[in-house]
Structures are given as structure tokens and as C-alpha cells.
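# Working through the structure, step by step
Listed here are the chains, written in short residue letters.
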Amino acid sequence: MSLYQQYLQSKKIEKGITQMPNVKYTDSATFRCLENLKEGSLDISLIHTGKEHCPPGHICSMPRDEFIIHFVLDGTGFYSAGGQTWSLTPGQMFVIYPNEPVTYGADETNPWTYAWIGFRGIRAHSMVKECGFSKNQLVLPAPDQKIILKHIDYMLNHKQLSKANDLRRQAYLILLLAELAGFHEKQSAQNKKNTKYAYSTSVYVELAIEYIKDMYQKGIGISNIADNIGISRAYLNNSFQKELGMSAQTFLIDYKMHKAASLLVSTSLSVKEIANNVGYEDQLVFSKAFKKKFGMSPKNYKTHKEMMDKFNEKQVEDDPV
């Protein structure tokens, strides 16, 4: 059977021309998308691509007939497929296989922003495999998001329908998939090097967390943690990604921010004192990290908590016995 016949069979086309929806381009403050593109190549074709800052709790579950790779850029969300559910954070990517039942959605308090590519063709499955994905490996670490956005923005910027732009979008789709495949190759090579370590990743994560609990006030960084437990920074991050679904840096910052939040509502310390108490010399850097985590400044967080406590106290007083 020729490649063309395989393609027609996979598309379940017998005779005539398949009716395609009209190409659509959307550009708003929270959503940019180019979709319903015509398949220009039997090998692999871009069907849609875009970026979206999702509203809280936004959920998608519609099956599609193309491969889709999502790249988490900011915030958090979840992905459920094949009987498993992953909590996802920036720096991760996930694949959706054609016609597979899946559900994914944005966190209620810290909704994610993601970018994506949707594509199909005879070589689509093999290219997805070369990127490191499989039915048993639906979630992977992603390359630097600057690289991802460079390629996706290029495809979106060449939205006008012309043969030249069809080729440009096709080229940048393949270049992006090549970046993913190259990143996977480097990750695989690093993992082979990591076999020299004596203990499982879970043991190193436990040791790292104990060190963070003891030393977070000292302004420690990832290099300090890795050096203390005797592994490389790359292996430390791989261990956290595997065991907790987040980088070691994300865990360290989250731990510090929750400690700071506790101090804000339980002590009379100033914001500067609390910043120093959780290992930040620069109050501005601390405040930015705190706002990114909780959506408000440390000062507003403290005021909000005090107002909620007073409201709750008044509710108790007003309740009839």
C-alpha cells in the first residue's frame, strides 16, 4: 500500500472532497489562534496553533482527530488521560493522541497560560515518538518557552493564506518538532549519565526537602541543594519533575512563599523582615514572587486575611445560639 493510500485510509476518505471548515484567526487579550488550516502536505500539516490565558476552572474534553501538543507557560492546571491525572506547571508539555478521550483544565486560583500546536499526517505519529511521547509517556519536560514561542509566534504572524505562508508555517512546525526531538535526545543522554547515582529519585527528593526545611532562611539556591545531597542540578530537577511534577526551583519558591504567608498572618513582622526571614535580601524580589504565587502583594494579603478574620468573628457573634 502506498503512503498516499495509507493516508487516505487513515482519514477514511473514499471518494470526493472532504469539506473543510473556513480558516479562522482570532486575536484578543487572552486568546490568539489560527485554526481550520487546510492540510498542505501528506507527511505532516499544521491544523491549528495558538496561545491562551485560560479563565479559572476552564475545562476542555472534546476529542480531536489530530495530534495536539500543549506547552504550559504560566499558572497551573491538570491533564487526565488513560486513567491517569497529572498536575502541570510551567516547563511541562503534554500530548493528546487523535480520538483519545482526555480532559484538561485550568486551576481555580492560578489558571494556566499555554501554547499549542495541532497537526496531522503520515509522519505525525513517528514525529511525536521522536519528541519522547508515547501512550505511556503523555507528559514531558519542555524546552525553554522562548524557543517554543518563537516558532508558534512565527506561525501565527504568517496567518495570511498564501502558498508561501503555507510553506513557512510548515517549516516552522517541523523546526519546532525538531527542537522537541533534540531536547528529548539531550534529556535521554543526561538520564543515562544519571544512572551512576546510587539511590532512587524519591530518596533524593526527600533529602532535598529536608535540606530546604532546615536551610530555606539562609537564601539557599538549587546549586546549594544539589551539592549538599551529592547530585547534579540537572538530576535534582529531573528527580523533582518525576516525583512531584514540578522543578526543584518551583518547590523551593512555593515553600518559601507559604512560610511567608504564615508569618504575615501570625506575626507583626514587617514585609522586609519576613522577606529576610525566608531567605530574600531584596524585598522587591520577594514581593514580586509573593504576588505571582498568591495574586496579591504581601501587604494586601495580610490586610485581606485580617478583614476575613474579623468578618468570620462577626458572623459567629451574630449567629443565634
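As the structure is a prediction and not an experimental result, all values here were calculated from the model. The written sequence of each chain sets the order in which its residues are numbered from 1. Per-residue local features are limited, in this predicted model, to residues with pLDDT of at least 70; the limit for side-chain atom pairs, both in listing and counting, is 80 or more; totals at the level of whole chains, interfaces and linings are taken over all residues. Side-chain measures here rest on the full set of heavy atoms in the structure, leaving out hydrogens and waters.

Our focus in this paragraph is the nonpolar core. Grouped together as the largest cluster of nonpolar side chains are 49 residues, with contacts concentrated most on Ile69, Phe71, Tyr79, Ile117, Phe119 and Leu177. Every helix listed is a DSSP run of H or I at least four residues long, and every strand listed is a run of E at least two residues long, numbered separately from the N terminus. Ranked by the residues each element gives to this core, the list is headed by strand β5 (residues 67–74), at 6 residues. Beyond its immediate chain neighbours, meaning those up to four positions away, isoleucine 117 contacts His48, Thr49, Phe67, Ile68, Ile69, Phe71, Ile152, Met155, Leu173, Leu176 and Leu177. Only buried Ala, Val, Leu, Ile, Met, Phe, Trp, Tyr and Cys residues count toward a nonpolar core, and they belong to the same one when joined by side-chain atoms within 4.5 Å. Think of it in three bands: with a 1.4 Å probe and only protein chains considered, a residue is buried below 20% of the maximum accessible area for its type, exposed above 50%, and partly exposed in between. Counting residues in hydrophobic clusters, the runner-up holds 35 residues, among them Ile209, Ile222, Ala226 and Tyr255. Whether two residues are in contact is decided by their heavy atoms, any of which lying within 4.5 Å being enough.

It is worth spelling out the side chain of threonine 89 at this point. Mapped onto the fold, threonine 89 is located in the loop between β7 (84–88) and β8 (92–96). Relative accessible area serves as the criterion here: at 9%, threonine 89 is assigned to the buried category. What threonine 89 contacts, discounting residues up to four positions off in sequence, is Val72, Gly75, Thr76, Gly245 and Met246.

To continue, consider the side chain of arginine 169. Note on placement: arginine 169 falls in helix α4 (residues 163–193). Among the polar contacts listed, one links the side chain of arginine 169 to the side chain of aspartate 166, at a separation of 2.4 Å. With near-sequence residues (within four places) excluded, arginine 169 lies in contact with Leu34, Leu37, Leu46, Met155, His158, Lys159, Gln160 and Leu161. Two N or O atoms form a polar contact when they lie within 3.5 Å of each other; inside protein one atom must be a possible hydrogen donor and the other a possible acceptor, and for residues adjacent in sequence the pair counts only when both atoms belong to side chains.

To get an axis, fit a line to the C-alpha atoms, keeping to the stretch in contact for a helix; angles then go from 0 to 180 degrees between the N-to-C directions. Contact geometry for helix α6 (residues 222–229) and helix α7 (residues 233–244): axes closest at 9 Å, N-to-C directions at 95 degrees. Comparing the axis directions of α6 and α7 gives the class roughly perpendicular. From α6, Ile222, Ser223, Ile225, Ala226 and Ile229 reach across to α7, where they touch Arg233, Leu236 and Asn237. Basically, the charged four are Asp, Glu, Lys and Arg, the nonpolar ten are Ala, Val, Leu, Ile, Met, Phe, Trp, Tyr, Cys and Pro, and anything else, Gly included, counts as polar. Along the lines of polarity and charge, the residues of the contact of α6 with α7 split into 5 nonpolar, 2 polar and 1 charged. Each angle is binned into one of four classes, with values under 35 degrees roughly parallel, values over 145 roughly antiparallel, values of 65 to 115 roughly perpendicular, and all other values oblique.

This part is about the sheet that holds β5. Between any two strands, pairing holds if DSSP finds at least two bridges. Pairing is antiparallel across the open sheet formed by 7 strands, whose spatial order is β1-β2-β3-β10-β5-β8-β11. Only two strands of the sheet have a single partner each, and these edge strands are β1 (24–27) and β11 (139–141). Averaged over neighbouring strand pairs, the angle between their axes works out to 15 degrees when direction is ignored. In this structure, β5 lies alongside strand β10 (residues 113–120), joined through 7 bridges in antiparallel fashion. Counterpart to phenylalanine 71 in the pairing with β10 is alanine 115. Against the sheet, helix α3 (residues 145–157) engages β1, β2 (31–35), β3 (45–53), β5 and β10, with an angle of about 115 degrees to β3.

Whether two aromatic rings pair depends on their centres lying within 6.5 Å, for rings of Phe, Tyr and Trp, where Trp uses its six-membered ring; planes under 30 degrees apart make the pair stacked, over 60 edge-to-face, and the rest tilted. One pass over the full model with this rule turns up 21 aromatic pairs. Aromatic side chains phenylalanine 94 and tryptophan 112 sit 5.9 Å apart centroid to centroid with 15 degrees between the ring planes, which places their arrangement in the stacked category. Residue phenylalanine 94 is found in strand β8, and its partner tryptophan 112 is found in the loop between β9 (102–106) and β10; the two are separated by 18 residues along the sequence. Just as phenylalanine 94 is buried, tryptophan 112 falls in that class too. For the pair tryptophan 112 and tyrosine 114, a centre-to-centre distance of 5.3 Å together with 70 degrees between the ring planes defines the contact as edge-to-face. We classify tyrosine 114 as buried; its relative accessible area is 3%. The structure contains a cluster of three or more aromatic residues connected by ring pairs, namely Phe31, Tyr79, Trp86, Phe94, Tyr104, Trp112, Tyr114 and Trp116. We note lysine 135 situated over the ring of tyrosine 97; from NZ or CZ to the ring centre the distance is 5.1 Å. To sit over a ring, a charge needs its Lys NZ or Arg CZ within 6 Å of the ring centre and within 35 degrees of the ring normal.

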